[in-house]
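One-letter residues, chain by chain:
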Amino acid sequence: MRFRHPDGSTVHLAYCTNVHPAETLDGVLAQLRDHCEPVRRRLGRDRLGIGLWLAKGAAHALVTDPSALRGLRCELDRRGLEVVTLNGFPYEGFGTEKVKYRVYKPDWADPERLEYTTSLARLLAGLLPDDVPDGSISTLPLAWRTAHDTERAEASRTALRTLAERLDALQELTGRSIRIALEPEPGCVVETTHDAIGPLTAIGHDRIGICVDTCHLATSFEDPHTALDGLARAGIPVVKSQLSAALHAEQPHLPEVREALRAFAEPRFLHQTRTSTAAGLRGTDDLDEALAGDTLPDGAPWRAHFHVPLHAAPTAPLTSTLPVLKTVLTRLVGGLQPLTRHLEVETYTWQALPPELRPKGRAQLADGIAAELTLARDLLTDLGLKELP
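Now for a quick tour of the structure. (Residues numbered from 1 in each chain as written. Predicted model: local features only at pLDDT ≥ 70, side-chain atom pairs only at ≥ 80, totals over all residues. Heavy atoms only, no water.)

## Let's talk about the pairing of strand β9 (residues 245-249)
In terms of burial, β9 is a largely internal element, 5 of the 5 residues being buried. Bridging between β9 and strand β13 (residues 318-320) involves 3 bridges; their strand directions are antiparallel. Considered in β13, the bridge of L247 is made with S320. (Buried < 20%, exposed > 50% of the residue type's maximum accessible area, 1.4 Å probe, protein only. Helix = DSSP H or I, 4+ residues; strand = E, 2+ residues; numbered from the N terminus. Pairing = 2+ DSSP bridges.)

Structure, rendered in structure tokens:
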């Protein structure tokens, strides 16, 4: 979906396909047919943006076979879909029964991460619509914190500098500008936007910026204005933003609140949980750890890294951090000029919701994704952006 900003520029809105498990190119093509096109039809749009996730296997098949890439481009066009951004955070296995810490491997100190992301950049340059010169790829925020010593930190910076040089060469070759966005996430080396400033300044290249995920920002109790002001002062570009909402518990000391949270403690994804105390941010790596005894202080609200549907907040006594998303979006695109032009709805946890909240089949999932995009569209038009055909 495209929108005209009052300054005349185009802002793109997509939804991320990592909600649909696929490790192969055939699986990606099936996604377009079974999920993405039905969402577009529900929205009544001739064109729908998708934030494509290409697992290692699918990316390899495409980058080694130009005819396969042409075929994917034709399939996107035929189904009324377009790609201006990729989600390059998960490497493989995101649809398995237990993802947890696996999603952070390989990290930026491992050569596989550089080669994978280089492949994604080459592919995106070939997938961009003819009238769109700029693409974006969100990626792992360096590494999970426990495996990142001084030597690996330097290896990560070197890899990202190498990537920036490759992106420069790619633009010279194709005329397409691809930028990479580190996506701060709780528990990682770069957990917050503030944590990103030092590494990105050290890398020192405007092709490497940040992806502001509004669920992650809210989970870490970052103030949106402070976060975005800090990035602006440091000259760090917001390459893209993922529109998502975290799980919020206002009174985690109450038994009924604990019981409601327990329904969201599931075995597939990691749900880092945080609370803001007088002594600073406290947290656990997963929601079940927070619920175990007195591991996490419960005198103040808790937030958990669980991407809940934007249009359907959990029932009381829980809620979501949608207000944080609205504040961030207002700052990003509600000013005289947009701070980013790539927005991506990323609720990948539909099938991890408590059983009574999960969609029953493809049709209900498509309904839910379309409802999320409708909410995002309405927020954008309320900010003065005009939806384009």
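## Description of the sheet that holds strand β11 (residues 280-284)
Strand order across the open sheet formed by 5 strands is β11-β10-β12-β9-β13, with antiparallel pairing between neighbours. Of all the strands in the sheet, the pair left with one neighbour each is β11 and β13. On average, each strand axis in the sheet is tilted by 30 degrees relative to the strand beside it, whichever way the strands run. As paired elements, strand β10 (residues 273-277) and β11 share 5 bridges and run antiparallel to each other. (Axes fitted to C-alpha atoms, helices over the stretch in contact; angles between N-to-C directions.)

## Structural notes on helix α4 (residues 111-127)
For α4, with 17 residues, the first-to-last C-alpha span of 25 Å sits near the 24 Å given by 1.5 Å per residue. Across the 17 residues of α4, 12 count as buried, placing the element largely inside the fold. Buried within α4 are the following residues: R113, L114, Y116, T117, T118, S119, L120, A121, L123, L124, A125 and L127. (Expected span 1.5 Å × (residues − 1).)

## Some details on the packing of aromatic side chains
Within this structure, the stated rule accounts for 9 aromatic pairs. Where F89 meets Y104, the ring centres are 6.1 Å apart and the plane angle is 65 degrees; that geometry is what we call edge-to-face. Linking F89 in the loop between β4 (81-87) and α4 with Y104 in the loop between β4 and α4, this pair joins segments that are 15 residues apart in sequence. Exposure remark for Y104: the relative accessible area of 2% places this residue in the buried category. (Phe/Tyr/Trp six-rings, centres within 6.5 Å; stacked < 30°, edge-to-face > 60°.)

## Considerations on the nonpolar core
In this structure, L13, Y15, V39, I50, L52, L54 and L373 are the most contacted members of the largest nonpolar core, which totals 120 residues. Ranked by residues supplied to this core, first place goes to helix α12 (residues 362-382) with 9 residues. Sequence-distant contacts of L54, that is, excluding residues within four places in its chain, are made with V28, A59, L62, Y116, L120 and L123. (Core = buried A, V, L, I, M, F, W, Y, C linked by side-chain atoms within 4.5 Å. Contact = heavy atoms within 4.5 Å.)

## Re helix α3 (residues 66-78)
A rise of 1.5 Å per residue sets the reference length of α3, with its 13 residues, at 18 Å; its end C-alpha atoms lie 18 Å apart and thus fit the reference within 8%. Contacts made by the buried residues of α3 are with α1 (25-43), β3 (48-52), α2 (56-63), β4 and α4. Immediately beyond the C-terminal end of α3, within one or two residues, lies G80, with a positive phi of roughly 70 degrees.

## Focus on the packing of α1 against α3
With their axes 10 Å apart at the nearest point, α1 and α3 run at an angle of 10 degrees to one another. One element, α1, and the other, α3, form an angle in the roughly parallel class. When α1 is examined against α3, the residues L25, V28, L29 and L32 are found in contact with a partner set consisting of A68, L72, E75 and L76. (Parallel < 35°, antiparallel > 145°, perpendicular 65-115°, else oblique.)

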